[in-house]
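Residue-level structural notes
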Amino acid sequence: NENFGNAAAEALCFGTPVVLSNGVGLAAATSAAGAGWICDASVDGIRAAVDTAFNDPQEAKMRGKRGQDWAERTLSWQASALKTMAIYQSFAKARM
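Starting afresh in each chain, residues are numbered from 1 along the sequence in its written order. In keeping with the predicted nature of the model, local features appear solely for residues at pLDDT of at least 70, side-chain atom pairs appear and are counted solely at 80 or more, and the whole-chain, interface and lining totals rest on all residues. Side-chain numbers here rest on the full set of heavy atoms in the structure, without hydrogens or water.

The next thing to look at is the overall build of the protein. Going along the chain from the N terminus, every DSSP run of H or I of four or more residues is numbered as a helix, and every run of E of two or more is numbered as a strand. Secondary structure summary: the protein contains five helices and two strands in total. Only C-alpha atoms enter the radius of gyration; for comparison, a globular chain is expected to reach 2.2 Å times N to the power 0.38, where N is the number of residues. Scaling as 2.2 N^0.38, a compact globule of 96 residues should have a C-alpha radius of gyration of about 12 Å, whereas the protein reaches 16 Å, well beyond that. Counting all 96 residues of the protein, 30% fall into the buried class. Contacts were defined at the residue level, with two residues in contact if any of their heavy atoms lie within 4.5 Å. Within the protein, contacts between residues separated by at least 24 positions form 36% of all contacts whose residues are at least 6 apart in sequence. Each residue is assigned to one of three classes by its accessible area relative to the maximum for its type, calculated with a 1.4 Å probe on protein chains only: buried under 20%, partly exposed between the two thresholds, exposed over 50%.

With that settled, consider the pattern of salt bridges. Whenever Lys or Arg places a side-chain nitrogen within 4 Å of a carboxyl oxygen from Asp or Glu, that contact is recorded as a salt bridge. Counted according to the given criterion, the structure contains four salt bridges. Taking the shortest distance from any N to any O, the salt bridge between Arg 63 and Glu 59 comes out at 2.7 Å. With a gap of four residues between them, Arg 63 and Glu 59 both fall in helix H4 (residues 57-74), about one helical turn apart. No difference in accessibility class separates Arg 63 from Glu 59, as the two residues are buried. Look at the salt bridges and you will find they share partners, linking Glu 59, Arg 63 and Arg 66 into a network.

This part takes up the pairing of strand S1 (residues 18-21). Pairing of S1 with strand S2 (residues 36-39), which is carried by four bridges, proceeds in the parallel orientation. Its bridge partner being in S2, Val 19 is matched across the sheet by Trp 37. A clockwise course of the path from the first strand over the helix to the second, judged with the strands pointing away from the viewer, identifies a crossover as right-handed. You can see the chain leave S1, run along helix H2 (residues 27-33) and come back into S2, and the turn it takes is right-handed. Pairing between strands is defined by DSSP: at least two bridges between the two strands are required.

Our focus in this paragraph is a nonpolar patch on the surface. Patch building starts from residues that exceed 30% relative accessible area and form no salt bridge, then joins like charges within 9 Å and nonpolar side chains (Val, Leu, Ile, Met, Phe, Trp, Tyr) within 5 Å. A 1.4 Å probe and the Shrake-Rupley method give the accessible areas. Residues count as covered only by the protein chains that appear here. Judged by side-chain polarity, Ile 87, Tyr 88 and Phe 91 come together as a nonpolar surface patch covering roughly 360 Å² of accessible area. Note that Tyr 88 resides in helix H5 (residues 77-95). Using a relative accessible area of 57% as the deciding quantity, one classes Tyr 88 as exposed.

Counting 12 residues, the largest nonpolar core is built from Ala 8, Ala 9, Ala 11, Leu 12, Val 18, Leu 20, Val 24, Leu 26, Ala 33, Ala 35, Trp 70 and Ala 71. Within the residue set of this core, elements represented by two or more residues are helix H1 (5-13), S1 and H4. In terms of residue count, the dominant contributor to this core is H1 (four residues). Excluding its chain neighbours within four sequence positions, the residues that come into contact with Trp 70 are Leu 12, Leu 26, Ala 29, Ala 33 and Leu 75. Note on terminology: a nonpolar core comprises buried Ala, Val, Leu, Ile, Met, Phe, Trp, Tyr and Cys residues joined through side-chain atoms within 4.5 Å. Grouped together as the second largest cluster of nonpolar side chains are five residues, Trp 37, Cys 39, Ala 49 and Ala 60 included.

On their own, these measurements won't tell you what the molecule is for.
Okay, structure coming up:
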C-alpha cells in the first residue's frame, strides 16, 4: 500500500533523501538511485533506517543529491514530455 508515494517523490525532487518501506512502489527506484534508505515496514526497521540517516549527515546529503538528480532525469516535466512523446510515436508507427 502506497499512501505517501507523492510525498517521497516531491522530497527527492528537492534533494531530500527518503526512508521508505520495501512495500512502497518508489522503493526500488530509490534504492537503485542510492537516494534513500529502504527498510522493512516495522518499528525496528523504520527506527534503524532513520537512525542510520540521521547519524551520517554527509551520506544523507549525498543520497539527497542522487535523489534530486534521479528525479530530474525521471520525474521532471521535460522527462515526462519526452516519455509521452515516445509513447505517441510508437502508437503512430504501429498504425502505419
